[in-house]
Amino acid sequence: MATAPSEPPLPDELLEDIFLLLDGGTDLARVAAACTSFRRIACARRFLRRFLSLHPPPVLGFVDIGFRYGGRFLPAGKPHPSASAARAVAQAADFTYSFLPEHSGWLAQDTLGGRMTYLGCGWPLWMQGKPGLVC
């Protein structure tokens, strides 16, 4: 039995242009899960830079770094378009920071690009500012 000739594959550049037309990160994740060649394109740094410039990630909320022993997550509320996703993140994520090493306490210092820096509290005065974490 003869097999039908396969169509020539679409060039990566054309697939990138098609993927840039997607609505957001959820759709891009679905595309990346469809096949390995789509995943390779969707995960490439150059493509992700272009995609994120057109589709910035939604604001889910803020972390109050003035809150002692970690930060306190303040999810976006209605009528913000990502309020339901923010509520889901607040319920699912560990904002008690139980994953941090045991210590007398951690004080959130700063945030940048989705990462937070912490300073260990309770250290002797001469050591303050030295022990810290980036998560």
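Residues numbered from 1 in each chain as written. Predicted model: local features only at pLDDT ≥ 70, side-chain atom pairs only at ≥ 80, totals over all residues. Heavy atoms only, no water.

### Examining the overall build of the protein
- A tally of helices and strands in the protein yields five helices and five strands.
- Going residue by residue from the N terminus, the α and β elements of the protein occur as α-α-α-α-β-β-α-β-β-β.
- Sequence separation of 24 or more characterises 36% of the internal contacts of the protein that already satisfy a separation of 6 or more.
- When the accessible surface of the protein is totalled, it reaches about 9,900 Å², and 62% of it is carbon and sulfur. (Helix = DSSP H or I, 4+ residues; strand = E, 2+ residues; numbered from the N terminus. Contact = heavy atoms within 4.5 Å. Areas by Shrake-Rupley, 256 points an atom, 1.4 Å probe, with all protein chains shown as cover.)

### Overview of the confidence of the model for the protein
- Summarising the model, the protein shows a mean pLDDT of 76, and 66% of its residues fall at 70 or more.
- Averaged pLDDT values over the elements of the protein bottom out at 54 in strand E5 (residues 132-134) and peak at 94 in helix H1 (residues 12-19). (pLDDT = per-residue confidence, 0-100.)

### Here's the deal with the packing of aromatic side chains
- For the structure on display, the rule yields three aromatic pairs.
- Between Phe-19 and Phe-38, the ring centres sit 5.3 Å apart and the planes meet at 75 degrees, which makes this aromatic pair edge-to-face. Taken together, the residues Phe-19 in helix H1 and Phe-38 in helix H3 (residues 36-42) connect sequence positions 19 residues apart.
- Under the relative-accessibility criterion, Phe-38 is labelled partly exposed at 26%.
- Their ring planes at 35 degrees and their centres at 5.8 Å tell us that Phe-47 and Phe-51 sit as a pair that is tilted. Here Phe-47 pairs with Phe-51, and both are found in helix H4 (residues 45-54), just four residues apart, close to one helical turn.
- Using a relative accessible area of 3% as the deciding quantity, one classes Phe-51 as buried.
- Through pairs of rings, three or more aromatic residues link up here, namely Phe-19, Phe-38, Phe-47 and Phe-51. (Phe/Tyr/Trp six-rings, centres within 6.5 Å; stacked < 30°, edge-to-face > 60°. Buried < 20%, exposed > 50% of the residue type's maximum accessible area, 1.4 Å probe, protein only.)

### What to know about H1
- Every buried residue of H1 is listed here: Leu-15, Glu-16 and Phe-19. Here the buried residues of H1 occupy an arc of 105 degrees about the axis, which is enough to place them on one side.
- Contacts made by the buried residues of H1 are with helix H2 (25-34), H3 and H4. (Arc of directions from axis to C-beta.)

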